[in-house]
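# Chains, contacts and geometry: an overview
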Amino acid sequence: MPARKTPWWLWAHVLSLEAPLVAVLWQHALAHAHGLRLSPMLDLGLALACWVIYVIDRTLDTFSADRADLSLRHGFYRRHRRVLLLGVIPAASLVLAWMALWEIPEGVLWQASGLALLVALYLASWAAQGSRVWRDLLISCAGLGSVMLISRMPASPGFRFTLSLLVLGVMVLSFLRQLDIRLGHLLPKEMTAALLFALGVTTTTRFLGMPETLLAPVLECGLLALLFACNLHGISAREKNDATGHAGLVMITLCFTLALLWMIELGTLEHALLGPARAALGALVLHALAQRAGKRVSAEAHRVLSDLALIVPLPLAWL
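In short, a report on the structure. (Residues numbered from 1 in each chain as written. Predicted model: local features only at pLDDT ≥ 70, side-chain atom pairs only at ≥ 80, totals over all residues. Heavy atoms only, no water.)

## Thoughts on the packing of helix α3 (residues 40-64) against helix α5 (residues 81-102)
Axis separation between α3 and α5 bottoms out at 10 Å; the angle between their running directions is 155 degrees. One finds that α3 runs roughly antiparallel with respect to α5. Judged by the twist between their axes, the crossing of α3 over α5 is left-handed. Facing M41, L44, G45, L48, A49, W51, V52, V55, I56, T59, T62 and F63 of α3, the residues of α5 in contact are R81, L84, L85, V88, I89, A92, S93, V95, L96, W98 and M99. Residues that form the contact of α3 with α5 fall into these classes: 18 nonpolar, four polar and one charged. (Axes fitted to C-alpha atoms, helices over the stretch in contact; angles between N-to-C directions. Helix = DSSP H or I, 4+ residues; strand = E, 2+ residues; numbered from the N terminus. Parallel < 35°, antiparallel > 145°, perpendicular 65-115°, else oblique. Left-handed = near helix turned anticlockwise from the far one by under 90°. Contact = heavy atoms within 4.5 Å. Nonpolar A, V, L, I, M, F, W, Y, C, P; charged D, E, K, R; others polar.)

Rendered as structure tokens:
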């Protein structure tokens, strides 16, 4: 069967460019809220890291998906996965490694490195299930990288040794193909991806902002994680025609956002959270509209509308 022709407005979606755009724009919104000026390399580094992760995710998905069930985007990655896995992804990863070692501040680099290990476990647990080789490779990289990071931690030798044993135990479980089952029961794929995405978007401002307490960064990351979870869960619900739990997730996010705005108004929380909370509230409203429109448009068009709902309200963060 010949490949479907891709409309011009869908190429950003097919090439997985929408996620890096969302990440960079939200990073800038957070930086403005905290009064920070970001170097272009921090934007480029986040965009490239996000794009590489999404390309790996989509490409590995094609090993387990049935050819007849592939979406337009996954069909593109299936046709080109050899070029992607052997050429594009290694080249982009080398550029990313060079930027990380010579252009990214050390504090941001360490936080990003820890997050990269969690992303590797995520990819191994969900995206790489159709390829044993890639699954084991990702788990090995995550485990060995974790041990290397632990060895550099400013902690007692006993604590580092115990933590290293814990990491090795997780690796053993994963090689026995139990990690994906346990993680799936503990946290759904959409929630895990949203949390990792939120941690990545907030990494730079969390380090450069130097908060006095962890409360504001945790609330900020939690707000974005819930918002991104609504986006991912809404897309999944549209594609599977199963909206179970989605209305509840949107209501939880709405209540959390309104509670943040109320506490900021009372002076209980930092004023820096006001702009992101306003933008999140606007994104929730547009998300609800996109969900209603999703019943009358194609799955690909619904994805585009859902991603636009995350971007269009961002000017509210500058008010």
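## Some thoughts on helix α14 (residues 299-311)
With 13 residues, α14 should reach 18 Å at 1.5 Å per residue; the first-to-last C-alpha distance of 19 Å fits that figure. Burial in α14 covers these residues: E300, A301, H302, R303, S306, D307, A309, L310 and I311. Looking at the buried side of α14, the elements it contacts are α1 (11-14), α2 (18-33), α4 (72-79), α11 (215-240) and α13 (274-293). (Expected span 1.5 Å × (residues − 1). Buried < 20%, exposed > 50% of the residue type's maximum accessible area, 1.4 Å probe, protein only.)

## Considerations on the environment of L109
If you trace the backbone, L109 turns up in helix α6 (residues 106-125). Once the C-alpha coordinates of L109 and T204 are considered, the two residues, 95 residues apart in sequence, prove to be 9.2 Å apart. Beyond its immediate sequence surroundings of up to four residues, L109 is in contact with A100 and I104.

## Focus: the packing of aromatic side chains
Throughout the structure, instances matching the rule amount to five aromatic pairs. Ring centres 6.1 Å apart and planes at 85 degrees place the aromatic pair W11 and F76 in the edge-to-face group. Taken together, the positions of W11 in helix α1 and F76 in helix α4 put the pair 65 residues apart, joining distant regions of the chain. Relative to F228, the ring of F197 lies with its centre 4.9 Å away and its plane at 90 degrees, an arrangement referred to as edge-to-face. Placement of F197 in helix α10 (residues 189-208) and of F228 in helix α11 is noted, with a sequence separation of 31 residues between them. This pair shows no difference in class: F197 is buried, exactly as F228 is. Following the ring pairs from residue to residue traces out a cluster consisting of W26, Y54, F197 and F228. In this arrangement the basic side chain of R81 is found over the ring face of F63, its NZ or CZ atom lying 4.3 Å from the centre. (Phe/Tyr/Trp six-rings, centres within 6.5 Å; stacked < 30°, edge-to-face > 60°. Lys NZ or Arg CZ within 6 Å of the ring centre and 35° of its normal.)

## Here we look at unusual backbone geometry
A positive phi angle, close to 60 degrees, is found at S16, a residue other than glycine. Residue S16 is classed as buried on the basis of its relative accessible area, which comes to 0%. Unusually for a residue other than glycine, N241 sits at a positive phi of about 55 degrees. Along the polypeptide, N241 turns up in the loop between α11 and α12 (246-266).

## What about the pattern of salt bridges?
Once their charged atoms are close, side chains differing in charge can pair, the charge on each being opposite to the other. Across all of its chains, the model carries three salt bridges by this definition. Here E18 makes a salt bridge to R73, at a shortest N to O gap of 3.1 Å. One end of the pair, E18, is in helix α2; the other, R73, is in helix α4, and 55 residues separate them in sequence. On the accessibility criterion, E18 (13% relative accessible area) is buried. (Salt bridge = Lys/Arg side-chain N within 4 Å of Asp/Glu carboxyl O.)

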